[in-house]
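# Working through the structure, step by step
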Amino acid sequence: MAEALLEVADLNAWYGPAHVLQGVSLSVAAGEIVALVGRNGAGKTTTIRAVMGLIANRSGSVRFAGAAIGARPTHARFAAGLGYVPEERRIVPGLTVRENLRLGLLACGLGAAAEGRAIDAVAQRFPRLGERLGQEAITLSGGEQQMLAIARALLSQPKMILLDEPSEGIMPALVDEMAELFLELRRGGMTLLLVEQNVELALEISDRAYVLDQGRVVHEGASLTLLADPTIRERYCGV
Amino acid sequence: MQLDLIAVQLFTGVALGAVFVLLSIGLSVIFGMLGVVNFAHGAFYMTGAYAGVFCLAVTGNFWFALAAVPLLIGALGLGVERFLIRPLYGRGPDYPLLLTFGLGYVLVEAVRILFGTDGMPFDTPSLLAGGIDIEGLGYFPAYRLFVIAVTALILLLLWLLLERTRYGLIIRAGARDPEILSILGLDIARVWLLVFGLGTGLAALAGLLAAPMRSVNPEMGVAVLVEAFVVTVIGGMGSLLGGAIAGLLVGIVVSLTALWMPQMSTISMFALMTLVLLIRPQGLFGRGLSR
Ligand SMILES: Nc1ncnc2c1ncn2[C@@H]1O[C@H](COP(=O)(O)OP(=O)(O)OP(=O)(O)O)[C@@H](O)[C@H]1O
Ligand SMILES: [Mg+2]
């Protein structure tokens, strides 16, 4: 079997004395959507922040696209092709929608013309953002902000994107739109790691899933199997 | 009180305020982005004046000094951030604070050893030695006019940098959320390095510009650091416009009280600060505690 695109092995993380990740291992093959689920405080956010190199106190190995990136700084992981949409969306206040999008292109070193074309393409794909390019970004609705955060992470055309609870606090119609977007991204060859509280949604659109509990992977398998097995969901995913 | 006295004093206040503005921009942006309370800022200001003395002694050309000093001291700032402050990030704000506090003393001592403890004369450049006499309003020294013009130009350039360039976008975003910049692939350490260098370069420029107006001595950075802090607090941390307006305000208040109640001139800016903080705790143009 070829090496997976993302290969995380024996990941540990600490906040002060609290040992919040205790040997998490997971892998995501190219072109897969993998869900990471678990109840509040299970360690989902910590796992993907550690993958991005944002947790100071950590150990374990992270391989991405055939290279060990576990010791690299966050910006170098981005350069390797890892996109990340953080939990709180992190829309930068004081900047317009266009400027927030431009942030996603800064590291690509494009000229002004190419930058403009890339943002035009986003405006077409996300018309709601396209209509509001000059608006201050934090005045967008929660759903629009989430779309903006996703669009910003996609602009650099990463190989893989890590999403932390993209459906949180978003109205159902938009959630369906978002699910459709993720499936479309996968058809285009993108790889996704999806952290979700909305377990139903996550399992429906993913190929495989990991269930995290108290900093450990307690279950992994095909999403359809998990979807059909209510006991695991009741035990580990109750909010 | 005669109109001409007030006009001249107002003008003096604006020129003094211009120096405060240049100084407080660096202080404010370094705190806003790096989270470092830079207690060495006054020492960089003083070092700028002495670097000017040195440049002038070697080349005799004020205009050369004007260009070289900010670059020279800015480069010193780059070295300080890279090798002294950077190792302290992530250890809490008191580490860089103590470091810059000590560094300030080191710079003052170094200057005392190199140039002596006495003050130094610093002649107004001959091209700007005269003044403009406005009938019935008073005599306005050309050099002060020049200081105001240079500051206005620097503010305009900084505004263009911030609003019109990608570096400005990086700085504006980084002041709000540095982590998102690293998530989006930027080496935030490099941004911080350049911001520190820019801030110290501006402090040095302020020191050089102030040299012909206020005396040059190793302690000249001490009082001015307090003044710059007051300006930064009044204007609001991280706001360019706030720094500019507060700088002028403090300059004018200080020189007008010097005219009417000389014994109150140092206290007046603290009174102004207290007043502003009572009404707007985040400063005139500050954002308050966001995030
Ligand atoms: N900055 C922090 N400092 C200290 N403890 C933290 C910090 N962040 C998270 N924790 C703790 O680490 C554990 C895992 O948190 P994490 O945010 O990874 O969980 P999560 O699965 O993402 O939860 P949620 O579904 O609520 O987002 C929790 O017990 C949490 O309280
Ligand atoms: Mg979380």
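Here's what I pulled together on the structure shown here. Predicted model only: the values in this text are computed from it and were never measured.

## Observations concerning the pairing of strand 8 (residues 191-195) of chain A
All names here are of chain A.
- In terms of residue burial, strand 8 counts as a mostly covered element, since 5 of its 5 residues are buried.
- As paired elements, strand 7 (residues 160-164) and strand 8 share 5 bridges and run parallel to each other. By the bridge assignment for strand 8, D164 is matched with V195.
- Handedness of the β-α-β unit built from strand 7, helix 7 (residues 172-187) and strand 8 comes out right-handed.

## Description of the coordination of the magnesium ion (ligand 2)
Residues and elements named next belong to chain A.
- The protein atoms donating to the magnesium ion (ligand 2) are T45 (OG1) and E87 (OE), with metal-donor distances spanning 1.9 to 2.5 Å. Of the two residues, T45 sits in helix 1 (residues 44-51) while E87 sits in the loop between strand 6 (82-85) and helix 3 (97-103), which places them 42 residues apart along the sequence.
- For E87, a relative accessible area of 23% gives the class partly exposed.

## Details of the interface of chain A and chain B
- Contact with chain A, which involves 23 residues of that partner, is made by 16 residues of chain B.
- With both sides pooled, the region where chain A packs onto chain B buries about 1,900 Å², and carbon together with sulfur makes up 63% of that total.
- Among the residues chain A hides against chain B, the three largest losses belong to A:H75, A:R90 and A:L106. Together they make up 31% of the total.
- If you look at where chain A meets chain B, you find 5 salt bridges.
- For A:R90, the salt bridge identified is with B:D177, shortest N-O distance 2.6 Å.
- Across the chain A-chain B interface, the total number found is 8 residue pairs in polar contact (both at pLDDT 80 or more).

Quick notes on the rules
Residues numbered from 1 in each chain as written. Chains lettered and ligands numbered in written order. Predicted model: local features only at pLDDT ≥ 70, side-chain atom pairs only at ≥ 80, totals over all residues. Heavy atoms only, no water. Buried < 20%, exposed > 50% of the residue type's maximum accessible area, 1.4 Å probe, protein only. Helix = DSSP H or I, 4+ residues; strand = E, 2+ residues; numbered from the N terminus. Pairing = 2+ DSSP bridges. Right-handed = clockwise from strand over helix to strand, strands pointing away. Donors = N, O, S within 2.8 Å, 3.2 Å for Na, K, Ca; no water. Contact = heavy atoms within 4.5 Å. Buried area = accessible area lost by both parts, 1.4 Å probe. Salt bridge = Lys/Arg side-chain N within 4 Å of Asp/Glu carboxyl O. Polar contact = N/O pair within 3.5 Å; in protein donor to acceptor, adjacent residues only side chain to side chain.

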